[in-house]
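# Coordinate analysis (summary)
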Amino acid sequence: MKRKAVQDQLNGSAFVERPSWHSGLIAGKAPFLRGPYLSMYLQKPWTIRQYAGFSTAAESNEFYKKNLAAGQTGLSVAFDLPTHRGYDSDALEAKADVGKAGVAVDTLEDMCALFEGIDLSKVSVSMTMNGAVLPIMAFFIAAAKKQGVDKHLLRGTIQNDILKEFMVRNTYIYPPEASMEIVAQVMEYCTAHLPLFNSISISGYHLQEAGASTPQELAYTLADGWAYVRAAQEKGLSADDIGPRLSFFWGISMHTADEIAKLRAARVLWTRIMQQLGAKNEKSWALKTHCQTSGWSLTAQWPKNNLTRTAVEAISAVLGGTQSLHTNAFDEALALPTDDSAHWARNTQLYLGGEAGLTRPIDPLGGSELLEQKTLSLIDQAWEIITEIQQLGGMTQYVLAGIPKRAILEAAAKTQAQIDAGTYPIVGVNTYLAQEREQPELRYIHLDEVLESQCRRLNLHKAQRNASLCAQSLTQLKKAALDKKTNLLEAAVTAALDGATLGEISEVLVQVFGRYQPEPTGVSGIYQAELNKHESFGFSVTTGLAWAKKNGRKPKILLAKMGQDGHDRGLYAVAAALSDQGFEVRMTPLFQTPEQVGLYVQKWGADLVSVSSMTNGHGALIPDLCQWLKKHGLGHVKVILGGIIPEKDYKSMKEQGVDLIFGPGTDLTVAAQDIYRLLNQDIKND
């Protein structure tokens, strides 16, 4: 594409200050098309991170130390789901998820154990935390104090990106308005006391994982950032007070050119947004980012293909100009990574920075006609969506209206339908199928041992603390939430030092703000549009019509999520597929107990109940559900289990009462036929 045409679009009227042609094509100069730093990786390579947290703080600490010794230069902490949702490990709601998808952190002692022997003044720490951001940040700051590290020296990032939780990830606790107030107060505290620490990492990664298109991921993420800066401004901070310490987090898929263009477009658009928000400092305009290779692109079928996928995605992130990178392990579609698979993932980055020499060129593909066209196209598409969001009052109002969630659900359902139709090729899933299934060694978390250990530590903590002092600090935290005169993070740090647990800090705020629980909304018609001429889909529809004619109604299937797992992409994709193939579908709200799901089955009169499990909580939850159904005379209801289920668990699940199990990558037209066969078999037996 002609140079002048590129610059004319970069100099679009939406810019408050138009960059010159010369600066527009130099890294480190606004609008940072070619990268946020002048020399990019020549002097400072991207930070190599490994997102990790397993079972207990002690086990995670051991893993971190190994990684740091092997060349990792920053830590990325994964917390378990009860921690995300503000529950201590001994809470009823936490039963199935303690230590499963990350590390359990209930107390300041847990946080200290997590970083035992790791100097927090020298290591950059990234923490993926949103809902329970107050207690986690409080524990982190207090743990540094215990180490003798001044909080002014702390480096790293807290995600603190609650808006995307209401769109896709669902690890929220409080309603949107209250959650935004917490976000703003965390930024306020960090600006005053943690000058080297990024108080927010605005995430597109989870939007992509949930199915968002590239323009959607780009627009929604940047619009979230716009909303957070406005929230900070309402606290009296300027765009330049917080701008230099904001960071972003993008998912990187297999669509190489799109991903490189996305990172370049994001930098241009963020410059535009920050200028409109009044930022004068060029450091505030520069978008800095962490990237992670796609988890969704990983397949359970032929999993060592994922080594290649991760390498391709990592190259895209580097060519796009990321500042830090996490590479996923090849076995993560099956379980948490083993030490060996994490080693392979980490080494992928060492190859790129060393043997491949990708630290030497700056924006090596800049000037490519394909790349420049894609970059400009994404700028236009994303800006159109961002403009619509601002016209509706900003991202908080847009989220409350449910618009982005529905748009992402529709995009995800369309992708899944294309996979099932074979028009979206995935090696090993719907093309180039393997004759034999690989059986890699997987990491297994012994739930009972972790749960027992955490509860024992928690009980000991409560017995040894000054209960009166703890209660007093929690009362002060509640007062701060009510009168808004004291910063909530400041009050939470005091509570942490006085022995309050994560669950206690969260519950005090629930008493003030409430706990958020939206109702599910599905989409339909998308499968039919993509597969209406597909033979397998047509067969399912015909079978469904015959069943309905014979029984006087459609078969009723209840889709449920139990435990604290908020991943709902698969749930909605199944709902879209089955509703278009003749089933009457209902969904429970997220975070249900087995008893609550059973009551839904009983009240609605469901023929089948399908449970989605992504974080290995099925071993504790499915037996309880099956027993509840039998106890209440509902043993005839068919139980289906789907998601990331290790094959070694299939036998025990069926012994507990599960009728069908569908693993990752299941063709949903084939699944529908299996379900109809199950129903028809029942009729024959009658």
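Residues numbered from 1 in each chain as written. Predicted model: local features only at pLDDT ≥ 70, side-chain atom pairs only at ≥ 80, totals over all residues. Heavy atoms only, no water.

### What to know about helix H22 (residues 502–513)
Taking 1.5 Å per residue, twelve residues should reach 16 Å; H22 reaches 16 Å between its end C-alpha atoms and fits that length. Taking burial as the measure, the twelve residues of H22 include nine buried ones, the bulk of the element. Of all the positions in H22, only Leu502, Gly503, Glu504, Ile505, Ser506, Val508, Leu509, Val510 and Phe513 are classed as buried. (Helix = DSSP H or I, 4+ residues; strand = E, 2+ residues; numbered from the N terminus. Expected span 1.5 Å × (residues − 1). Buried < 20%, exposed > 50% of the residue type's maximum accessible area, 1.4 Å probe, protein only.)

### Let's talk about a nonpolar patch on the surface
A cluster of nonpolar side chains, Trp302, Val427 and Tyr432, forms an exposed patch at the surface whose accessible area comes to about 320 Å². Its location among the elements puts Trp302 in the loop between strand S8 (289–293) and helix H14 (305–320). (Patch = residues over 30% accessible without salt bridge, like charges linked within 9 Å, V, L, I, M, F, W, Y side chains within 5 Å. Areas by Shrake-Rupley, 256 points an atom, 1.4 Å probe, with all protein chains shown as cover. Salt bridge = Lys/Arg side-chain N within 4 Å of Asp/Glu carboxyl O.)

### Re the sheet that holds strand S13 (residues 638–643)
The strands that make up a sheet pair up through hydrogen bonds in the backbone, lying either parallel or antiparallel. Pairing in this open sheet of five strands is parallel, and the strands run S11-S10-S12-S13-S14 from one edge to the other. Edge strands, defined here as strands with exactly one partner in the open sheet, are strand S11 (584–587) and strand S14 (660–662). Across the sheet, the mean angle from the axis of one strand to that of its neighbour is 20°, orientation sign disregarded. Strands in contact with helix H26 (residues 594–604) are strand S10 (556–561), S11 and strand S12 (608–613); relative to S10, the strand with the most contacts, it is inclined by about 165°. Across the face of the sheet, helix H27 (residues 618–631) comes into contact with S12 and S13 while running at roughly 165° to S12. (Pairing = 2+ DSSP bridges. Axes fitted to C-alpha atoms, helices over the stretch in contact; angles between N-to-C directions. Contact = heavy atoms within 4.5 Å.)

### A short note on the nonpolar core
Residues Leu218, Tyr220, Leu222, Tyr228, Trp250, Trp270 and Met395 are the most contacted members of the largest nonpolar core, which totals 80 residues. Here this core takes eleven residues from helix H10 (residues 214–234), the largest share from any one element. Sequence-distant contacts of Trp270, defined by excluding residues within four places in its chain, comprise Leu222, Gly225, Trp226, Val229, Leu246, Phe248, Ser284, Trp285, Ala286 and Leu287. Membership of the second largest hydrophobic core comes to 62 residues, among which are Met111, Phe140, Ile141 and Ala143. (Core = buried A, V, L, I, M, F, W, Y, C linked by side-chain atoms within 4.5 Å.)

### A word on unusual backbone geometry
The residue after Ala30, namely Pro31, is reached through a cis peptide bond having omega 10°. Of note, Pro31 is situated in the loop between helix H2 (21–24) and strand S1 (47–52). Phi at Met40 takes a positive value of approximately 45°, unusual for a residue other than glycine. Checked against the element boundaries, Met40 lands in the loop between H2 and S1. According to the relative accessible area criterion, Met40 is buried, its value standing at 7%.

### Quick notes on the confidence of the model for the chain
Summarising the model, the chain shows a mean pLDDT of 91, and 94% of its residues fall at 70 or more. For residues 11–23, every residue scores under 50 in pLDDT, and the model assigns this stretch 26 contacts once sequence neighbours within four places are set aside. (pLDDT = per-residue confidence, 0-100.)

### Some thoughts on the packing of helix H6 (residues 133–147) against H22
The interhelical angle for the contact between H6 and H22, taken along N-to-C directions, is 140°, at an axis separation of 9 Å. One element, H6, and the other, H22, form an angle in the oblique class. Pair H6 / H22 crosses with right-handed handedness. Counting all contacts with H6, which are made through Leu134, Pro135, Ile136 and Phe139, the residues of H22 involved are Leu502, Ile505, Ser506 and Leu509. Across the contact of H6 with H22, the residue classes break down as seven nonpolar, one polar and no charged. (Parallel < 35°, antiparallel > 145°, perpendicular 65-115°, else oblique. Left-handed = near helix turned anticlockwise from the far one by under 90°. Nonpolar A, V, L, I, M, F, W, Y, C, P; charged D, E, K, R; others polar.)

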